[in-house]
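Descriptive structure summary
Listed here are the chains, written in short residue letters.
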Amino acid sequence: MQSISKIHGRYYLAIFVLASATLSYQILITRFFSVMLYYHFAFAAISLAMLGLTRGAMEVYGKPERYTSERVGVEFARHASWFALGSVGAMVGLLCLPLLVSGEAVAIVLAVAIIAFVWPFTEGGVCITLLLTRLPYSGGWLYAADLMGAAVGCLGVIFLLLVIDPVSATLWIAALSAGVGWIVVRNSDEVRSLRLSGAIALTMAVAATVHTGLDLTGKSHLGVFWAKGEEQAGTLFERWNTYSRVRVREWAGKAPFGWGLARPSEVRVDQHYIDIDADAGTVITRYDGDVGKLSYLKDDVINAAYLVQPAADVAVVGVGGGRDILSGLVFGAKQIRGIEINPAIFEVLTEKFADFAGHLERQPGVSLVNAEARSYINHSSERYDLVQISLIDTWAATAAGGLTLTENRLYTVEAWDDFYRALKPGGLLSVSRWYDEDKHRGEFYRLIAIAASALQRKGVSATELRHHVVALNVGNIVTVITRPDAFTDAQWQEARGRLQAQGFKIFLGPDVAFDGVTSTLLSDKADAAFFDSLPENIAPSTDDKPFFFFTSRLGDLTSMSPWMNKNNIAVSMTGLLIIVALLACGYYIVLPFLGLARRMPLSTLAPPMAYFSAIGMGFMLIEISQMQRLMVFLGHPVYGLSVVLFTILLFSGIGSATVGADTPRPRAIVWRFAVLLITIVAAGLLTPLVTTWTRSQPTDMRILVSVLLLAPPAFCMGMMFPLGLGIWRRQEALLPFFWSTNGVTSMLASVLGMALSIQFGIAKTYALGACFYVVCAIAIAASRRADPIVTLATKPVTGVGLVPQDEAAS
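A quick note: this is a predicted structure, and the numbers were derived from the prediction, not measured.

On to the pattern of salt bridges. Under the defined criterion, the tally for this structure stands at 28 salt bridges. Between R245 and E238 there is a salt bridge whose closest N-O contact spans 2.9 Å. For R245, a relative accessible area of 0% translates into the label buried. A salt bridge links R323 to D300, with the shortest nitrogen-to-oxygen separation between them at 2.8 Å. Highlighted residues: R323 in helix α10 (residues 323–330) and D300 in the loop between β6 (280–285) and α9 (305–308), separated in sequence by 23 residues. The same class applies to R323 as to D300, namely buried. One continuous salt-bridge network, built from bridges that share partners, spans R374, D417, D418, R421, D543 and R695.

Here you go:
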């Protein structure tokens, strides 16, 4: 039996670097897709990566005479070079094409993305599969290096984007990938591979150096020329991070920007426009200290709460360009606390354009903080007359989970409960959202549902809810104002007069009803049957289902109903990806399995297939579930990578390293599975409890709690893949097939997990992931009952023809 000393150290470096490069590149194209297409396309990046890795594994499996153990180094270097070229080529092509995405073009864009971006991941998949399956078995050390490389990649890309732009980052990743290929073959006789790797590594390094220099000096360089079908011209400032691209551009119009202005304004002001991922946006207004020039802000319905009752102490969630801060100054607020989660926007307002904006952070009574609002409010002792949340939506995919939007954390019952606790007696919570009378009422209804549920948590009876909720409308904006303390008749009549005088349309009030849906929501009749009877899912979003923007149900995943808005089309994208993933499973698993089943006993083939499929499903479902829950808990999208994903990958790698090269003993296998299931169940039960208890703790404490919740199950899950390789390693010819099976089921789980979370909740999705590890234990037990002598002596089967490779060639 081979030992760990039989594998040269350069191969551990090689798999570490390739895994790091692959995950970093996946994160980068997530950002590119979100900026240039739409955030729901970014969710496809995970699927593209998994599909490419699967194709690479099947390439190795289908050509055993080419990918032999003697040619591991040469083939690794060649495919690492192609990974470098493919990753840069796909990125340049995406940047230079003026892609305009409509609902009818979704399938075409997906096809183009698959063709362009699956290629580099396929090349990376060949590299990783070669090292995991064609080198002498050494226990879990190689797999540990793979996982730890991925962990470093997800952490490293965060810091990389703080320094350089994503195009330069891609070039450096390509140079590093080709460079490690050169290291692998530098002592071999393969001159062609050595020259190819060296030339590509040097070329990419030079290009990366030049491009980084151009970016840092502000000179013209390769960037986003087209985004969402529009040319990106007039850019004054641009900043990228792992969850957004913030751009400031010139705003030609002099008319005041407004979301829901009740009357046109004759005032003319200078403004710059800020957009996030070329979609969501706001303005920076030139401010010279004269609030009289900003009187038009009183006509905007998002500021209606100031007319309901005066507010001295105000918390603004989502500062953006500072417009809500200016509104507070116009209405005479004494203390204004602005809370902005995005450091790039904070930089725009307080540094790059601080003079233009009038240094709002220096205005009397104004203080700005770069933090996540819910976390900040939870551990702060400050109390407010008004908490204002105006149209907080970025439509920017987080790199850790495309459909897990940064703003999800604000629109849940638990979040509003937190905001209510931050109010002074009689204080108001004001939330503004988009509204369309004909086809876009879902967000408005869901706001009312959340308000009703959160108020009842505060002790308000269902029959009294209407005395706590006011809703106002102008154009396509609706503002919902809620008050834990009921409005008295006198308070409401005074407020009603001011609101009507301002020209705001009253949708809801203590004596105003809107329609039957809102009347039911604000009563004791809003039960599960009522929500199920509606065409849209408007049930109140919670921390277990923090998907405020998605009102589709599981049955709507593949439909395009007329009432669907942009976000529900994103859910339909999930349905389309599920179909693609199922087709991939059929092509890469079912067809080869049927061919193999004709040549070897099912009792020998089925257990390892079930085992590696269940690992792919279980690991990804648990990873996605914990990432969604803890991103809500940690309160910042960057923690999805720097804490959650990094911890899972790191401790999985450590767990993998504990699996030795010797044949695992039955008792050791039993103990490993017992500990695995115990830790998974314990983490699943403890996560919602512990995060609730510690949600008001400082950030460093919440990070520590997250690591403690993640590390034990991740450690145990990391043992399972090398354990399977040890159990079934005698079937050496099938190991690449098993690896591809793991990859394609991971792809399926990545999209299925999101759909299940939206429909059934994160906790149930996590529980399903735990069940797949039970399947792993059953597969091992079934394998032990089969004939242990049976091995595969014939050549592997290809994915298409189901015949040996040499027969297919003939």
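Additional details are given in the paragraphs that follow.
Before going further, it helps to spend a moment on the side chain of S168. Assignment of secondary structure puts S168 in helix α7 (residues 166–185). When its relative accessible area of 0% is taken as the criterion, S168 is described as buried. Look past the residues within four positions of S168 in its chain and what remains in contact with it is A208, H211 and T212.

Spatial ordering of the open sheet is given by β9-β8-β7-β10-β11-β13-β12-β14, a layout of eight strands whose pairing is mixed. With one partner strand each, in any of the chains shown, β9 (366–370) and β14 (505–508) form the two edges of the open sheet. Direction aside, the axes of adjacent strands within the sheet are offset by 20° on average. Pairing analysis gives six bridges linking strand β12 (residues 469–474) to strand β13 (residues 477–482), with the strands arranged antiparallel. Pairing of V470 across the sheet is with I481, part of β13. Against the sheet, helix α11 (residues 343–352) engages β8 (335–340) and β9, with an angle of about 145° to β9. Sitting on the sheet, helix α16 (residues 489–501) touches β12 and β14, and the angle it makes with β14 is about 135°.

The next thing to look at is the nonpolar core. Counting 215 residues, the largest nonpolar core has I389, W416, F444 and Y611 as the members making the most contacts within it. The element best represented in this core is helix α20 (residues 602–634), accounting for 17 residues. In this structure, I389 is in contact with V317, L410, Y411, F419, L429, S430, V431 and S432, ignoring residues within four places of it in sequence. Judged by nonpolar contacts, the second largest core, of 58 residues, contains L297, Y306, V366 and F487.

Glancing now at the packing of α20 against helix α24 (residues 735–760). Closest axis-to-axis distance for the α20/α24 pair is 7 Å, and the angle between their directions is 35°. Of the two elements, α20 crosses α24, and the hand of that crossing is right-handed. Considering only residue class, the contact of α20 with α24 consists of 14 nonpolar, 10 polar and no charged.

Judged by pairing direction, the sheet is antiparallel, and its four strands sit side by side in the order β3-β4-β5-β6 without closing on themselves. In the strand order of this sheet, the two ends are held by β3 (235–241) and β6, each with one partner. Across the sheet, the axes of successive neighbouring strands diverge by a mean angle of 20°, strand direction being ignored. In the sheet, β3 pairs with strand β4 (residues 244–250) via six bridges, with the strands oriented antiparallel. Counted as the bridge partner of N241 is S244 from β4.

In total, this model carries 36 aromatic pairs according to the counting rule given. Grouped by ring-pair contacts, the aromatic residues Y61, Y143, Y611, F612, F673, F721, W728, F737, F738 and W739 constitute a single cluster. Over the ring of F487 we find R483, and its NZ or CZ is 5.0 Å from the ring centre.

Let us now look at α10. Counting buried positions along α10 gives eight out of eight residues, so the element sits mostly inside the fold. Listed in full, the buried residues belonging to α10 are R323, D324, I325, L326, S327, G328, L329 and V330. Against β6, α9, β7 (313–317), β8, β9 and β10 (384–390) lie the buried residues of α10. A positive backbone phi angle near 80° is found at G332, which sits one or two residues after α10.

Moving on, we get to the packing of helix α1 (residues 9–36) against helix α4 (residues 72–96). At a minimum axis distance of 12 Å, the contact between α1 and α4 shows a crossing angle of 15°. Between α1 and α4, the crossing angle belongs to the class labelled roughly parallel. In this structure, the crossing between α1 and α4 has a hand that is left-handed. Facing Y11, A14, L18, A21, T22, Y25, F32, F33 and M36 of α1, the residues of α4 in contact are V72, G73, F76, A80, F83, G86, S87, A90, M91, L94 and L95. Among the residues forming the contact of α1 with α4, the class breakdown is 16 nonpolar, four polar and no charged.

A few words now on the pairing of β8. With five of six residues buried, β8 lies mostly within the body of the structure. Two strands pair when backbone bridges link them, and β7 and β8 are joined in this way by five bridges, in the parallel orientation. Along β8, the bridge assignment pairs V316 with G338. Crossover connection from β7 via α10 to parallel β8: handedness right-handed. As judged from the five bridges shared by β8 and β9, these two strands associate in the parallel manner. Each residue of the ladder has a partner; that of E340, found in β9, is N370.

Moving on, we get to empty space enclosed by the protein. One pass over the structure, following the stated rule, counts seven cavities of 30 Å³ or more. Within this model, the largest cavity holds a volume of roughly 670 Å³. In this structure, the largest cavity is lined by 33 residues; those nearest its centre are M50, L53, M620, E623 and L649. Those elements that provide at least two residues to the lining of the largest cavity are α1, α3 (44–62), α6 (141–163), α20, α21 (639–657), α23 (699–727) and α24. Per-element accounting of the lining of the largest cavity gives the leading share, seven residues, to α20. Counted by class, the lining of the largest cavity contains 23 nonpolar, eight polar and two charged residues.

Overall, the prediction assigns the chain a mean pLDDT of 87, with 91% of residues at 70 or greater. Residue range residues 560–564 is modelled with pLDDT below 50. Its contacts to residues more than four positions away, or to other chains, number 15 contacts. Here residues 787–810 scores under 50 on pLDDT; set against residues more than four positions off or in separate chains, the count is 40 contacts.

All right, on to unusual backbone geometry then. Located in the positive-phi region is D277, a residue other than glycine, with phi close to 50°. Mapped onto the secondary structure, D277 falls in the loop between β5 (271–276) and β6. One non-glycine residue, H359, lies in positive phi territory at about 50°. Positionally, H359 belongs in the loop between α12 (354–357) and β9.

Another aspect to go through is α1. An α-helical turn contains 3.6 residues, so a residue and the one three or four places further along point in the same direction. End to end, α1 covers 41 Å across 28 residues, agreeing with the expected 40 Å (1.5 Å per residue, within 8%). In terms of burial, α1 is a largely internal element, 24 of the 28 residues being buried.

What follows deals with a nonpolar patch on the surface. Taken together, the side chains of Y587, V590, L591 and L594 define a hydrophobic patch exposed on the protein surface, amounting to about 310 Å² of accessible area. If you trace the backbone, Y587 turns up in helix α19 (residues 566–597). On the basis of relative accessibility, which here comes to 33%, the residue Y587 falls in the partly exposed class.

Reading guide: rules and limits
Residues numbered from 1 in each chain as written. Predicted model: local features only at pLDDT ≥ 70, side-chain atom pairs only at ≥ 80, totals over all residues. Heavy atoms only, no water. Salt bridge = Lys/Arg side-chain N within 4 Å of Asp/Glu carboxyl O. Buried < 20%, exposed > 50% of the residue type's maximum accessible area, 1.4 Å probe, protein only. Helix = DSSP H or I, 4+ residues; strand = E, 2+ residues; numbered from the N terminus. Contact = heavy atoms within 4.5 Å. Pairing = 2+ DSSP bridges. Axes fitted to C-alpha atoms, helices over the stretch in contact; angles between N-to-C directions. Core = buried A, V, L, I, M, F, W, Y, C linked by side-chain atoms within 4.5 Å. Left-handed = near helix turned anticlockwise from the far one by under 90°. Nonpolar A, V, L, I, M, F, W, Y, C, P; charged D, E, K, R; others polar. Phe/Tyr/Trp six-rings, centres within 6.5 Å; stacked < 30°, edge-to-face > 60°. Lys NZ or Arg CZ within 6 Å of the ring centre and 35° of its normal. Parallel < 35°, antiparallel > 145°, perpendicular 65-115°, else oblique. Right-handed = clockwise from strand over helix to strand, strands pointing away. 1 Å grid on protein atoms, 1.4 Å probe; cavity = no way out; pocket = protein on both sides within 12 Å on 5 of 7 lines; lining within 4 Å. Points joined across faces, edges and corners; volume = space filled by probe spheres on them. pLDDT = per-residue confidence, 0-100. Expected span 1.5 Å × (residues − 1). Patch = residues over 30% accessible without salt bridge, like charges linked within 9 Å, V, L, I, M, F, W, Y side chains within 5 Å. Areas by Shrake-Rupley, 256 points an atom, 1.4 Å probe, with all protein chains shown as cover.

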